[in-house]
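Each chain, letter by letter, is given below.
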Amino acid sequence: MKELTATGTTVDDAINQALQELEVRKEDVDVRIIDEGKRGFLGIFGARPAIVRVTVKIDPVEETKKYLTKVCKEMGIDIKIDTSIEGRYVYYTLTSNQAGLLIGKRGQTLNALQTLSQLVINKYSDKHRIVRLDTENYRKKREESLIRLANRIANRVAREQKKYSLEPMPSFERKIIHNALAGHNKVTTYSEGSEPNRYIVISPK
Amino acid sequence: MKSLIKTIVEPLVDFPEDVQIDVKEDERRIIYKLAVNKEDVGKVIGKQGRVAKAIRTVVYAHARTTEKKRVILEISE
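Residues numbered from 1 in each chain as written. Chains lettered and ligands numbered in written order. Predicted model: local features only at pLDDT ≥ 70, side-chain atom pairs only at ≥ 80, totals over all residues. Heavy atoms only, no water.

(A) Up close: the overall build of chain A. Within chain A, the secondary structure is distributed over six helices and nine strands. Its C-alpha atoms give chain A a radius of gyration of 27 Å, more than 25% over the compact-globule value 17 Å for 205 residues. Overall, chain A is about 95 × 35 × 25 Å in size when its C-alpha atoms are taken along their principal axes. The buried share of chain A, taken over its 205 residues, is 38%. For chain A, long-range pairs separated by at least 24 residues make up 55% of all intrachain contacts whose partners lie at least 6 apart in sequence. Carbon together with sulfur atoms contributes 47% to the accessible area of chain A, which is approximately 12,100 Å² in total. On chain A, the mean spot of the 36 positive side-chain charges and the mean spot of the 27 negative ones are 9 Å from each other. (Helix = DSSP H or I, 4+ residues; strand = E, 2+ residues; numbered from the N terminus. Rg over C-alpha atoms; globule rule 2.2 N^0.38 Å. Buried < 20%, exposed > 50% of the residue type's maximum accessible area, 1.4 Å probe, protein only. Contact = heavy atoms within 4.5 Å. Areas by Shrake-Rupley, 256 points an atom, 1.4 Å probe, with all protein chains shown as cover. Lys, Arg positive; Asp, Glu negative; His and termini not counted. Charge placed at Lys NZ, Arg CZ, Asp CG, Glu CD.)

Right, dumping it as structure tokens:
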């Protein structure tokens, strides 16, 4: 954490001093006044300088972006990140020439990075935030293939009248399948097992 | 690999200076032993091992592309 103690003839003076040194704006820092100072007689006798302690506030969204960049770099992947914020959701869209490595088998690497980033952002954020990572439109493609899978298995379950368990998936992927089959008249869906190995069961109605 | 593990773990804990990684290697595998401050153990393991699983997923993904031997990440106090 970047912080600095600065002095000046007045409190404002000391703060400006610190801002200049840290090269940040006033809204980016927390200020604690250590001594308000005293002007003294004619500005000479009994004068005491003002002292402030200035701490640069950490921007959770930026900090998480840095975290992702560093972790990927250590994995040997150079990435570019676009950020967008909607309410408590923070979306990071990653661009790299090794998206396959970033995504991993069925998105497991991307999901792991998403879990870790969410921890980092909530370490610095005062309100709870949810991180969503995407690259190469993977989430949309995955959603489409999950819906296709759901319908295919649902038909089979309806035909054979035998329940079928899918492989473990994170909650946001299970939700896609529950939603896709919510209106189905021959099958029903529920989840079994405990996180992180919770999986969906499609069973005949 | 050690610096990847550090890069992942240090920002998650309250005592980054206590993050330690020991390496043990034999013919078949490399074992990385991750130790953190007692206060931070829960943070790197997480509810039902969710965080530990995420850390391992990233570490093993990297290991597959860089190491010939099997890589194991152990987490201890």
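Moving on from the coordinates now.
(B) Seen up close, the sheet that holds strand E2 (residues 29-35) of chain B. Residues and elements named next belong to chain B. If you trace the three strands from one edge of the open sheet to the other, you get E1-E2-E3, paired in mixed fashion. Edge positions in the open sheet fall to strand E1 (20-25) and strand E3 (70-76), since each of these has one partner strand only. Mean inter-strand twist for the sheet, computed between neighbouring axes without regard to direction, equals 20 degrees. Here seven bridges tie E2 to E3, and the two strands are oriented parallel to one another. Counterpart to Ile30 in the pairing with E3 is Val71. (Pairing = 2+ DSSP bridges. Axes fitted to C-alpha atoms, helices over the stretch in contact; angles between N-to-C directions.)

(C) View of the interface of chain B and chain A. Contact residues are listed per partner, giving 20 residues for chain B and 20 residues for chain A. A buried area of about 1,800 Å², summed over both sides, lies between chain B and chain A, and 69% of it is on carbon and sulfur atoms. If you look at where chain B meets chain A, you find five residue pairs in polar contact (both at pLDDT 80 or more). Elements that contribute at least two residues to the side of chain B that touches chain A include exactly helix H1 (2-9) and helix H3 (50-66) of chain B. (Buried area = accessible area lost by both parts, 1.4 Å probe. Polar contact = N/O pair within 3.5 Å; in protein donor to acceptor, adjacent residues only side chain to side chain.)

(D) Region of interest: the layout of surface pockets. Taken as a whole, the largest pocket spans an internal volume of roughly 770 Å³. Around the largest pocket, the lining comprises 25 residues; the ones closest to its centre are Asn111(A), Met169(A), Pro170(A), Pro196(A) and Lys53(B). Counting residues per element, the ones that place at least two in the lining of the largest pocket are helix H4 (108-124), strand E6 (130-135) and helix H6 (171-181) of chain A together with H3 of chain B. Of the residues belonging to the lining of the largest pocket, the class tally is eight nonpolar, eight polar and nine charged. Of the pockets and cavities examined, the second largest pocket occupies roughly 400 Å³. (1 Å grid on protein atoms, 1.4 Å probe; cavity = no way out; pocket = protein on both sides within 12 Å on 5 of 7 lines; lining within 4 Å. Points joined across faces, edges and corners; volume = space filled by probe spheres on them. Nonpolar A, V, L, I, M, F, W, Y, C, P; charged D, E, K, R; others polar.)

(E) The arrangement of the sheet that holds strand E3 (residues 50-56) of chain A in detail. Residues and elements named next belong to chain A. One open sheet holds the three strands; their spatial order is E1-E3-E2, and the pairing between them is antiparallel. This sheet does not close on itself; its edge strands, each paired only once, are strand E1 (3-8) and strand E2 (29-35). The average angle at which neighbouring strand axes cross in this sheet is 25 degrees, direction not considered. Where E1 lies against E3, six bridges are found, and the strand directions are antiparallel.

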